[in-house]
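Spelled out, the chains give:
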Amino acid sequence: MNSRKKIPQQLSHSSRGRRCSLAAVISTAFISIVFLFISAMTLSHYRLGSFQSILVQITEDSFPEITYSRNLHNQINELLHLSSRLAFSGNDVTLRIVKQSIENKVQSIQKQINEQDSNVYLSTQLNVISSEFFSLQQLVQHKLTIQEQIIEAQSSMYTLHEKMFSLSPQVNRNSAGTIWTSAYSEMITLASKTLIKLRLQEVRQVFRQAENKIALLEKDILLLPLSSRTSAESLTDQLRQLMFAENGLLQLKIMQLRINGRVIGREHFLKNLLDDFSRVAEFKSYQINETVVADTNAIIEATDAETKLMNVVSLFVLFVLFSVIYFIKRRFVERVVLLNRQVIARLKGDKIEFDVSGNDEISDMAKAFNIFAAEIEEQKQILRDLSLTDGLTGLYNRRALDQRLEQELQTAARNQGPLAVLIMDIDYFKRYNDIYGHLAGDDCLKQVSAALLHSKRRSTDFIARYGGEEFLFILPNTTPDGAQKMAAEVLAKVNALNITHEGNSAAAHVTMSIGIAGGCYQENLNSAELLEKADKALYKAKKSGKNCIYSH
Amino acid sequence: MLKIIFLIIALLCINNAYAAAEKANLIFTAGLTEIESRDKGGYAELASLLEIHRAKPIPTFFVFGGNSLFPSILSSFDHGTHIIDLLNSIEPDVMAASNGDFAFSEDELSLRTYEAAFPIVQSNTAQISTQQNLDGVLDSVMIQQGKYKLGFISLMDEEVLETYNLTRSSVKDPNFIIAAKAKKLRALGADLIIMHYRGTELNCVDYLKNGTVDLVLRNDSETGLLTAEKVQEHPKQVFLPETSQAAVIELSWHTKQVQTLTVQWQAEKLLSYPKNSIVQRQIDNYSSRLNLLLDEIIGVTSTDIDTSSLSLRTTENALGNLVTDLMKKHSGADIALLNGGAVRGNSFYPKNTQISRRDIVKMLPYRDTVVLLEVTGMQLIAVLENGFSQIKNAKGRFPQISGMKVVYNSQAAAGDRVVSVEISDSPLLPLKRYKLATSSYLANGGDGYQRFKHNVPLTYNQQMSKLLSDILINELRLTNSISPKIESRMLDIAKQPAGQP
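Residues numbered from 1 in each chain as written. Chains lettered and ligands numbered in written order. Predicted model: local features only at pLDDT ≥ 70, side-chain atom pairs only at ≥ 80, totals over all residues. Heavy atoms only, no water.

## Focus: the overall build of chain B
When helices and strands are tallied, chain B shows 16 helices and 26 strands. Projected onto its principal axes, the C-alpha coordinates of chain B cover approximately 95 × 50 × 50 Å. Contacts in chain B between residues far apart in sequence, at least 24 positions, make up 75% of those at least 6 positions apart. Of the roughly 20,500 Å² that chain B leaves accessible, carbon and sulfur atoms contribute 54%. Measuring between centres, the 49 positive side-chain charges of chain B sit 2 Å from its 53 negative side-chain charges. (Helix = DSSP H or I, 4+ residues; strand = E, 2+ residues; numbered from the N terminus. Contact = heavy atoms within 4.5 Å. Areas by Shrake-Rupley, 256 points an atom, 1.4 Å probe, with all protein chains shown as cover. Lys, Arg positive; Asp, Glu negative; His and termini not counted. Charge placed at Lys NZ, Arg CZ, Asp CG, Glu CD.)

Structure representation (structure tokens):
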């Protein structure tokens, strides 16, 4: 009963270190894992956020700017194309159409610049471009006018030629006349030749020839028949006018070629202006792009650093996770497994103490198991004791004796040593019971038992109640002499008890007879034989008048 | 028989008596790239000069020595058409195509010949494919004023092909050309043979001495004065610095006796002549076109800027440093190199001068873009050697650099002048590859920078045909002020005082 009262005390927590509750530890572990995951995810989310912002910047600022400048670029390209069309316009209609397209394009660009760009310089440039277009268009207009004038002059030249032919019958009356008319024709051919010349200096050369020729022509008029001189003079004069006057063919042709050159120059000029314009227009989108690129680079760098950080964090999280798992395994799982194993082993009967290290529910369980196990052991012992002792005398019973005798026999056989047994029987005990009653009989048995116990000298000696009033001593390693002595002492002790026994024919008190067996080493001796020998000895002792010892 | 001899003597005497009467004037000028200049004069003044001389009874020839189609702001826009247009008004008898006239490639020069009212002559170049002269350019010409016919040829150095990277042309041997053309012209009845030459390699006096030609006209840039010292003087050789002057040359000789030719000449400043109103109107028409754009003030310089050719082509130049720095920055290169000849203007801007777009376009008139190349250290040395090879003639190939320090010896033999090169404080490694920013002109092999020709340009962030001038303009727009400095990037050990390293 005392041990049971101890249990709650043993299980009380205060006795060992700080209490770490299993629930609290596992909760803390899982909460820390969840916390780590949440932090990692927050970090990723934040990073994704900055990526999003840069993407937004690209889509909201950079792309529109690029589109805008692409648009502008396209329009400028169209203007470039239109400028060559303008330069090579061959007639008024084309010129008008191109002019209209250019005006529309310039207006549209102007509108775009006003909407998108605050760059004043761009507007100035566009103004210059626009006025250049205007000048080029005027120049081309002029070119076309001159072209018409040249065609006109050409046709009047042919008219003159025809007039000369109609005059020729009159002129050709003398040989000088024939020469003159053919020279005039040559003159016309020469003038026509200038019209197909493309280089100014060649035109001038041809006209120089023409000038010489016309001078000769004028000189030769004097040789013509008189009647035709006035007409010939007028024809020559008209031809000179047509070719060399202020607005004559020569000047027209020269002007045409010079204007052609200027048109080429203006076109180059415009092309380069448009190039410059396009570059300035793109400068802004460059700047924006550069900012975006710089931002992107910065983000990339930051991301790089953060990726490294994330890697470290992930590794750390992983490490913590494994640590927690390991910790739980070590702290709980392994201990539960161990406890389980120990319980199973214990069930099998191994004598193992449960490991009760730590201060939590498992250690509590181990402790509880320990307490239960101890209690069971105790009860088992009690049961075992109960089954091997004699209830009345407290000596070992026959079962215990059988076991012990078998053991001692084996020991003796192993040691080749002597083993003696004494069988002791109270004389006339049935009569004692009859005379003094069973209770007194029991009391007598108790007194005799106590006396027997008292005479036991060595711890290895074993005494048991053999049955009714019979007792048995096992005396390992005892010679027949030793056994004799022991028997004598027992006999003396019982006599010394001096328990009155009127029915005893051997004496007035309770006595006993003792049979001794064994005492020498005997090969293959078994318990039955030994006991039989002892029984026989006892029988002899009884026969010999009781209260005596008989050795077999 | 005796009578006949007397007759001949008498005829010769008569001839001699007439001979002294052969007189002609020749006006010669060249290198007029700017159509007008307040402090130098231009085409309007030239027109007046010509008007005055042409009014005289003596036949007057006008020979234009060329080198005028480039560089100028206007010509960078119209490839020189305006110059031809103006020349058409003042009617030269002939124009020699020389140097800058080739700046826009052979084809552009051919186009100009269609626009010109006068012959354009270049005698010793030919198209490689046809062995013919460039389309429209004559190899020689006979010019005539009054009764006099002058045969005209013009020569140039092979270096021009290299300078302007003319890949379709080749230069023929001048000796052969001069003799052949002079002979042909004389056969055609030339009274005198005039040879024009802009260059340094040919010794023209030899041709005068052996009578192949009768008069030599030479012109060269102001820095060409260095050359002028070397030019052997000869009474029949006219050397004109290209500083808005015209040589007024009086020629007199005995009939049929060209060896008796005497040449009297003087250089006259154009500025001393009034402006011809018709030509001036034409000029105004041209110059007003870009005023709106070019007069915009975009910033100020806080240090002196010198764009004289002599400075840019013989030493480290502050503006050269700034421009190459900007090229380097623009393209993200390690180093940058630009030929001194890319910077123009021949002007001086004292500190705190306000800089207009016009100034910058004048400084960087070429429409070259920035090119990024990967070059080895070895290539770089070869390229620098090319740059230093013609210091004595102050040629445009002299390098202006950024990101490196170069020590050279101008007195050593050409090709062996580079002493040491440091790139970002460590010595140049011959096999290491460096990122170099340069102009498209040099990258294509211009100015003898042939070593670049096979390098494939790398792309870079801002790549778009951005002109050198744009980069400077943008820098000024962003910072409002520039301060170019000289910082010992290039050291000529030949110029170091003795005892110093």
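## Observations concerning the overall build of chain A
When helices and strands are tallied, chain A shows 13 helices and five strands. Its C-alpha radius of gyration of 73 Å places chain A more than 25% over the 24 Å reference for a compact globule of 552 residues. Along the longest, intermediate and shortest principal axes, the C-alpha atoms of chain A span 225 × 50 × 30 Å. Taking all 552 residues of chain A together, the buried fraction comes to 42%. Summarising the internal contacts of chain A: among those between residues at least 6 apart in sequence, 73% fall at separations of at least 24. (Rg over C-alpha atoms; globule rule 2.2 N^0.38 Å. Buried < 20%, exposed > 50% of the residue type's maximum accessible area, 1.4 Å probe, protein only.)

## Thoughts on the interface of chain A and chain B
Counting from both sides, the interface comprises 30 residues of chain A and, opposite them, 44 residues of chain B. Counting the contacts that link chain A with chain B gives five salt bridges. Residue Arg258(A) is joined to Asp85(B) by a salt bridge in which the shortest nitrogen-to-oxygen separation is 3.2 Å. Applying the counting criterion to the chain A and chain B interface returns 11 residue pairs in polar contact (both at pLDDT 80 or more). For the side of chain A that touches chain B, the elements supplying multiple residues, two or more each, are α4 (120-171), α6 (200-220) and α8 (249-348) of chain A. For the side of chain A that touches chain B, the element with the highest residue contribution is α8(A), accounting for 19 residues. Residue composition of the side of chain A that touches chain B, by class: 10 nonpolar, nine polar and 11 charged. (Salt bridge = Lys/Arg side-chain N within 4 Å of Asp/Glu carboxyl O. Polar contact = N/O pair within 3.5 Å; in protein donor to acceptor, adjacent residues only side chain to side chain. Nonpolar A, V, L, I, M, F, W, Y, C, P; charged D, E, K, R; others polar.)

## Describing the packing of aromatic side chains
This structure, assessed with the given rule, holds 17 aromatic pairs over all chains. Judged by centre distance (5.2 Å) and plane angle (40°), the rings of Phe269(A) and Phe77(B) are tilted. With one member in each of two chains, Phe269(A) in helix α8 and Phe77(B) in helix α3 (residues 73-78) form a pair that bridges those chains. Using a relative accessible area of 5% as the deciding quantity, one classes Phe77(B) as buried. With a centroid separation of 5.6 Å and an interplanar angle of 65°, the aromatic rings of Phe388(B) and Phe398(B) are classed as edge-to-face. (Phe/Tyr/Trp six-rings, centres within 6.5 Å; stacked < 30°, edge-to-face > 60°.)

## Focus on the domain arrangement of chain A
Domain annotation of chain A identifies domain 1 (136-281) and domain 2 (398-551). Centre-to-centre, using C-alpha coordinates, domain 1 of chain A lies 176 Å away from domain 2 of chain A. (Domains from an automatic or database assignment.)

## Thoughts on the sheet that holds strand β20 (residues 399-402) of chain B
Residues and elements named next belong to chain B. Here we have four strands laid out as an open sheet, ordered β19-β24-β16-β20, and mixed in their pairing. The open sheet has two free edges, formed respectively by β19 (370-376) and β20, since each of these has just one partner strand. When strand polarity is set aside, the average angle formed by the axes of neighbouring strands in this sheet is 30°. Where β19 and strand β24 (residues 433-439) come together, seven bridges link them in antiparallel fashion. Counted as the bridge partner of Glu374 is Lys435 from β24. Relative to strand β16 (residues 335-339), helix α12 (residues 318-331) is tilted by about 130°, and along the sheet it contacts β16, β19, β20 and β24. Sitting on the sheet, helix α14 (residues 377-388) touches β16, β19, β20 and β24, and the angle it makes with β19 is about 115°. (Pairing = 2+ DSSP bridges. Axes fitted to C-alpha atoms, helices over the stretch in contact; angles between N-to-C directions.)

## Let's talk about unusual backbone geometry
Residue and element names in this part refer to chain B. Here the bond from Phe70 into Pro71 is cis, since omega is 0°, no more than 30 degrees from zero. The residue Pro71 is located in the loop between β2 (60-64) and α3 in this model. With a phi close to 50°, Glu91 is a non-glycine residue in the positive phi region. Inspection of the secondary structure puts Glu91 in the loop between α4 (81-90) and β3 (94-96).

## Structural notes on helix α12 (residues 480-497) of chain A
Residue and element names in this part refer to chain A. The end-to-end C-alpha distance of α12 is 26 Å, a good match for the 26 Å that 18 residues give at a rise of 1.5 Å each. Taken together, the buried positions of α12 are occupied by Ala483, Met486, Ala487, Val490, Leu491 and Val494. Mapping the buried residues of α12 onto a view down its axis gives an arc of 135°, with all of them on the same face. In α12, the exposed positions angled more than 90 degrees off the buried face are occupied by Asp481, Lys485 and Ala496. (Expected span 1.5 Å × (residues − 1). Arc of directions from axis to C-beta.)

## A closer look at the sheet that holds β3(B)
All names here are of chain B. Taken together, the six strands give an open sheet; going across it, the order is β4-β3-β2-β1-β12-β13, and neighbouring strands pair in mixed fashion. The sheet terminates laterally at β4 (120-121) and β13 (257-269), the two strands that pair on one side only. Pairing analysis gives two bridges linking β2 to β3, with the strands arranged parallel. From the neighbouring strand, Val63 faces β3, where its bridge partner is Val94.

## A closer look at the domain arrangement of chain B
Residue and element names in this part refer to chain B. Here chain B is partitioned into domain 1 (18-286) and domain 2 (296-495). At the junction of the two partners, domain 1 supplies 18 residues and domain 2 supplies 24 residues. Note on domain 1 versus domain 2: buried area summed over both sides is about 1,700 Å², and carbon and sulfur give 52% of it. Across the domain 1-domain 2 interface, the total number found is two salt bridges. In this structure, the salt-bridge partner of Arg397 is Glu162, at a minimum N-O distance of 2.6 Å. (Buried area = accessible area lost by both parts, 1.4 Å probe.)

## Considering the pairing of strand β2 (residues 462-467) of chain A
Residues and elements named next belong to chain A. The buried count for β2 comes to five of six residues, which makes it a mostly enclosed element. When β2 meets strand β3 (residues 470-476), the two strands line up antiparallel, connected through five bridges. Within β3, the position partnered with Phe462 by the bridge is Ile474. Between β2 and β3, which pair antiparallel and follow one another directly, the connecting turn spans two residues, one of which, Gly468, has a positive phi of 20°.

## A few points about the side chain of Ser110(B)
Residue and element names in this part refer to chain B. Tracing the sequence through the fold places Ser110 in helix α5 (residues 105-115). Ser110 sits in the buried class, given a relative accessible area of 7%. Among the polar contacts made by the side chain of Ser110, one reaches the main-chain carbonyl oxygen of Asp135 at a distance of 2.8 Å. Once residues within four sequence positions are removed from consideration, Ser110 is found in contact with Leu134 and Asp135.

## Regarding the pairing of β3(A)
All names here are of chain A. Most of β3 is tucked away: six of the seven residues are buried. Note: strand β1 (residues 419-426) against β3, seven bridges, orientation antiparallel. Residue pairing for β3: Met424 is matched across the bridge by Phe471.

## Remarks on the confidence of the model for chain A
In the predicted model, chain A carries a mean pLDDT of 85, and 96% of its residues have values of at least 70. The low-confidence segment residues 1-8 of chain A (pLDDT under 50) makes five contacts with residues lying over four places distant or belonging to another chain. (pLDDT = per-residue confidence, 0-100.)

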